[in-house]
Amino acid sequence: MSREAVLNLLEGAARHLDALADAHGHRICPAHRVEHLGKTAYRIHMGLALHAHRGAPLDEVKRTALRLAETCHKYPHPEARAYLFFERWPDPFNCSNHLIDSGAVCDALGKLLVEAPELLSDEELARVRDALEKSASTYLWAASLDKPVPAQCLWGALGMARASVALEKRELADRAREAVLRSYESLAPDGSWSYYTAGAEPGSEDASAFYHSRCIGFALETLALIGDDATLEPHRGKLEAALEFLLALHRADDTKCRAWEAKLWYFDGDAETASLAFDVHALLLGERAFGGGRYAARAARSLALLTAAQGEDGAIDGGAERAFQCPTFWTSHVGLLASVVDDLGQEDAPLGECEPTRALFPDAGLGRLTHGDRVVLVRGGRPRPSPGFGGVAGGGARVADGSAEGESELPTAPTVHSVGEHVAPAVFGLLPLRPGGLAWLRFSRWRLRCALRAEGLGAALALARATLGQVLCWWTPAAASHFASDVELELENGELLCRGSLASIDGNALPGTRTTRRYRLDAEGLHVHELLESEQALAQVRYVVPPGAVDLRIDECDETVLLVERNGVRRLELAYRLP
C-alpha cells in the first residue's frame, strides 16, 4: 500500500466528478439527476492533495468552494434559525441527510481556508468564511448532538472541528469534543456501535458493517483537529475496541461480513465495496494514533479491494446489484483519503498480521474462529429485527466461512433457510399478521420514488416486487433457529458455544425450545455439533446438512442423508465436519 496508490485513486475520482459537471459547473449525478452537494465537497479534498503531491492546478478547487459557499441558505421553515447547504430548496432526491451534507461541506471549506487561503481574494475569503461560520455555528452546533445516528453526528462534529481551526473559534472545538463523547454512549463495551441509538424501527439499533468505520475515522480526525490526545482515556479504550470490532467483521476474502447490518435495505448482497474508503481512512488514523501494524495491514488489504473497484472512468463500483446509494456517493468518499496520504510511504510495505485480538464480541453477538487462512464467523444474539432493519440471521448461525480458496455460499436474506438450521415449518398458523410488514411498506414508498426517478419504471417495479416479497416473508408461520435474537455466545476451550431457541421471524422465542450449537475449527476443518430440545413434541422439524459435510452422525447413529426431517420432535442431535 503506497502513497501513489491513494493518489491514483484520488486522481481518478476527481476526473470522474469533473466529468459530471454541466455548463454551470454543477456535478449532476446521472442516477438521481441532482447534485449531491455533500459529495461535491470532497472534490476540494482531492484537489488539495493532488496539488500538494503532484502539482495539480487548483482551479476546480476554487470554483467548487465558491459554489458551495453560495448554497448556504437558511432552512426554509418559519421557526428555523439554522443555515444548511442546499440549492434553492432541499431536494428529497438528494438521498442524503442534511447533517451529512453540511458536515462534509464545512469540513471541505475549512480545509481550504487552512491549507490554501491564498487561492481566494479577500472578498472570496469573506464569503467562504461567512458560509462556514453560519452553518457550523447554527445547524452543526445543534444537530451534531441532537440526531440519533452516531455516524451522522460525528460527520457534523468533524465539520465543526475543521471550522474551529479555520475560524479560530474554540467554542466550536469544545462542541465537537462534546459530540465525540456523546457518541461513546452508543458504543457497546465490545466495540460495536449502534447504527441508530433511539431504535426508530426494530433492528435499527443493530451494529452496522457499512457505517462502523465512519464513526471511528470521524472521531479520530476530530480529536486530532481540536488537539485532543486519542491515546488518553476515555478515547483510547473506546476507539481501540471499535477498531478491533472492525477487524473482526472481515471475512477470509478481506470483505466485511454484512450479517451485522442495521440498515439492511441500503444494499443487496452479503458484501460491498462502497464503505472501503471509510475503512482505509479509519484504519490508517488508528495506526497513526495507536500503532502496532495490524490496522495498517488491514488498511492495505482494503485499499487493494478499493483500487480494484475503480473503473477506467474513475468511478467506484459499490459491489451490489441494487443499492440506494450511487457511484457519485462511492466515488466522492475516496476524497477522505486525502487526510491520510502522508501516513503512507512511497513503496508498498509487506502485508502483516491483521487479526483482531479477541475472538468474541458478545454485545454484537459476533464469534470468530480462525485456523490458517480459514475464517468462520458466527452470529449469536441480535436486536429483534423488522423487514428492512437488523441483521439477517441470529441464533448462532454460521454467516461466513471461507479461506484462500473462496467463501462458502451462506444465507444472506431474512428468509426461512433450511441449510444448517432447525426449522419448524408451521408453528404459528397461516400468515400471522405482524405489524412490521405494513410499516415496511409505508417506509418503502420513498425508496420506490427514488428508484423511479433514478432508474425508471422497471427498477421501481423490481424494487416493489422485492419489497412485497420481504413483507410476505415477514408473515411466515415458521419458527427457525436462525431467527432467534436472545442467544448466549461463549468461548469455551477454543470452541464457540451458542445457546438459543427456535423463534419467529421477528425474534420472539418459541417457548420451551432450546438449541445448543458448538463450533470448533482445526486442521481437519469445522466441527459442528447441533442439539435441539423441546418441552413438547413439535409437529415437524427440518434440518438440511450443508453440502460437503462428512462424518455425519444423527442421534448417535451413522447416516448419510442430507435432509433430516422428523415428526413429533422433542430432541434432535447431530454432528458433522466441514473440511
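About the cut-offs
Residues numbered from 1 in each chain as written. Predicted model: local features only at pLDDT ≥ 70, side-chain atom pairs only at ≥ 80, totals over all residues. Heavy atoms only, no water. Helix = DSSP H or I, 4+ residues; strand = E, 2+ residues; numbered from the N terminus. Buried < 20%, exposed > 50% of the residue type's maximum accessible area, 1.4 Å probe, protein only. Contact = heavy atoms within 4.5 Å. Areas by Shrake-Rupley, 256 points an atom, 1.4 Å probe, with all protein chains shown as cover. Lys, Arg positive; Asp, Glu negative; His and termini not counted. Charge placed at Lys NZ, Arg CZ, Asp CG, Glu CD. Core = buried A, V, L, I, M, F, W, Y, C linked by side-chain atoms within 4.5 Å. Expected span 1.5 Å × (residues − 1). Pairing = 2+ DSSP bridges. Polar contact = N/O pair within 3.5 Å; in protein donor to acceptor, adjacent residues only side chain to side chain. Salt bridge = Lys/Arg side-chain N within 4 Å of Asp/Glu carboxyl O. Phe/Tyr/Trp six-rings, centres within 6.5 Å; stacked < 30°, edge-to-face > 60°. Lys NZ or Arg CZ within 6 Å of the ring centre and 35° of its normal. Axes fitted to C-alpha atoms, helices over the stretch in contact; angles between N-to-C directions. Parallel < 35°, antiparallel > 145°, perpendicular 65-115°, else oblique. Left-handed = near helix turned anticlockwise from the far one by under 90°. Nonpolar A, V, L, I, M, F, W, Y, C, P; charged D, E, K, R; others polar.

Novice: Explanation requested: the overall build of the chain in the structure shown.
Specialist: What the chain contains, in helices and strands, is 15 helices and 16 strands. Overall size of the chain, expressed as C-alpha extent along the three principal axes, is 85 × 50 × 45 Å. Expressed as a percentage of its 579 residues, the buried residues of the chain come to 58%. Summarising the internal contacts of the chain: among those between residues at least 6 apart in sequence, 69% fall at separations of at least 24. Carbon and sulfur atoms form 52% of the exposed surface of the chain, whose accessible area is close to 22400 Å². With 61 positive and 80 negative side-chain charges, the chain shows a spacing of 5 Å between the two charge centroids.

Novice: Where do I start with the nonpolar core in this structure?
Specialist: In terms of nonpolar packing, the biggest core is built from 164 residues, with Leu10, Ile44 and Trp193 touching the most fellow members. Considering every element that reaches this core, the biggest residue donor is helix H7 (residues 150–167), with 11 residues. Not counting residues up to four positions away in its chain, the partners in contact with Leu10 are Met46, Ala49, Leu50, Val334, Gly335, Ala338 and Val341. Grouped together as the second largest cluster of nonpolar side chains are 19 residues, Cys257, Ala259, Leu366 and Val399 included.

Novice: Looking at this structure, I do not really get helix H4 (residues 59–70). What am I missing?
Specialist: Two residues of an α-helix separated by three or four positions point the same way, owing to the 3.6 residues in each turn. Taking 1.5 Å of rise per residue, 12 residues should cover 16 Å, and H4 covers 17 Å from first to last C-alpha, within 8% of that figure. For H4, the full list of buried residues reads Val61, Thr64, Ala65, Leu66, Arg67, Leu68 and Ala69. Looking at the packing, one finds that the buried side of H4 touches helix H2 (37–40), helix H3 (42–54), strand E1 (72–74), strand E2 (83–85), helix H5 (98–115) and helix H6 (122–146).

Novice: Just to check I follow, could you spell out the pairing of strand E6 (residues 397–403) for this structure?
Specialist: The two faces of a sheet get side chains in turn, since along a regular strand they alternate between them. Burial analysis of E6 places 7 of its 7 residues in the buried class, the great majority of the element. In this sheet, E6 lies alongside strand E5 (residues 374–379) in antiparallel orientation, the contact comprising 5 bridges. Of the residues in E6, the one forming a bridge with Leu377 is Ala400. Hairpin connection, E6 to strand E7 (residues 406–407): the antiparallel pair is bridged by 2 residues.

Novice: Just checking my understanding: could you explain the environment of Pro117 for this structure?
Specialist: Assignment of secondary structure puts Pro117 in the loop between H5 and H6. Overall, the relative accessible area of 29% leaves Pro117 in the partly exposed class. The contact partners of Pro117, leaving out residues within four places of it in the chain, are Leu112 and Leu125.

Novice: How should the side chain of His212 be read in this particular structure?
Specialist: Among the secondary structure elements, His212 is positioned in helix H9 (residues 212–226). The class for His212 is buried, based on a relative accessible area of 2%. From its side chain, His212 meets the backbone oxygen of Ala242 in a polar contact 2.9 Å long. Apart from residues lying up to four places away in sequence, His212 is in contact with Gly191, Ser192, Trp193, Ala242, Phe245 and Leu246.

Novice: Would you mind going over the sheet that holds strand E4 (residues 366–371) with me for this structure?
Specialist: Sheets are built from strands that pair by backbone hydrogen bonding, the pairs being arranged parallel or antiparallel. Here 5 strands make up an open sheet; going across it, the order is E3-E4-E5-E6-E7 and the pairing antiparallel. The sheet is open, and its two borders are formed by strand E3 (360–361) and E7, each paired with just one other strand.

Novice: Even after reading the chapter, I still don't get the pairing of strand E12 (residues 513–522), so can you show me in this structure?
Specialist: By the bridge criterion, 5 bridges tie strand E11 (residues 495–500) to E12 in an arrangement that is antiparallel. Residue Gly500 lies in a different strand from E12, and its bridge partner there is Thr515. Sheet topology places E12 next to strand E13 (residues 525–544); 10 bridges connect them, and they run antiparallel. Opposite Arg518, over in E13, you have His529 as the bridge partner. Hairpin remark: E12 followed by E13, antiparallel, with 2 residues in the connecting loop.

Novice: Which parts of the structure should I look at to understand the pattern of salt bridges?
Specialist: Between side chains of opposite charge, a pair can form when the charged atoms approach closely. The tally for this structure, following the rule as stated, stands at 46 salt bridges. Across the pair Arg520 and Glu495 runs a salt bridge whose closest N-O atoms are separated by 3.6 Å. With Arg520 in strand E12 and Glu495 in strand E11, this pair connects stretches of sequence that are 25 residues apart. Residue class for Glu495 comes out buried when judged on its relative accessible area of 18%. Here the salt bridges share partners, and the residues they tie into one network are Asp18, Arg27, Arg43, Glu60 and Arg63.

Novice: Got a minute to help me understand the packing of aromatic side chains in this structure?
Specialist: Aromatic ring pairs: the centre-centre distance and the angle between the two ring planes describe each pair. For the structure on display, the rule yields 14 aromatic pairs. Aromatic side chains Tyr195 and Tyr211 sit 5.1 Å apart centroid to centroid with 50° between the ring planes, which places their arrangement in the tilted category. In this pair, Tyr195 sits in the loop between helix H8 (170–183) and H9 while Tyr211 sits in the loop between H8 and H9, placing the two residues 16 residues apart along the sequence. Considering the side-chain rings of Phe210 and Tyr211, the 5.1 Å spacing of their centres and the 75° angle between planes classify their relative orientation as edge-to-face. An identical accessibility class is assigned to Phe210 and Tyr211; each is buried. Within the aromatic cluster, the residues linked to one another by ring pairs are Tyr195, Tyr196, Phe210, Tyr211, Trp265, Tyr266, Phe389 and Trp446. The positively charged end of Arg214 is found above the aromatic ring belonging to Phe210, 4.5 Å away from the centroid. Positioned above the aromatic ring of Phe278 is the side chain of Arg214, whose terminal nitrogen or guanidinium carbon lies 3.7 Å from the ring centre.

Novice: Hey, could you run me through the packing of H3 against H4 in this one?
Specialist: For any two helices packed against each other, one specifies the crossing angle of their axes together with the interaxial distance. Between H3 and H4, the least distance of the axes is 9 Å, while the angle of their chain directions is 155°. Of the possible angle classes, the one that applies to H3 and H4 is roughly antiparallel. Helix-helix and strand crossings are classified by hand; for H3 and H4 the assignment is left-handed. Contacts between H3 and H4 involve Arg43, Ile44, Gly47 and Leu48 from the first element and Glu60, Val61, Thr64, Ala65 and Leu68 from the second. Classifying every residue of the contact of H3 with H4 gives 5 nonpolar, 2 polar and 2 charged.

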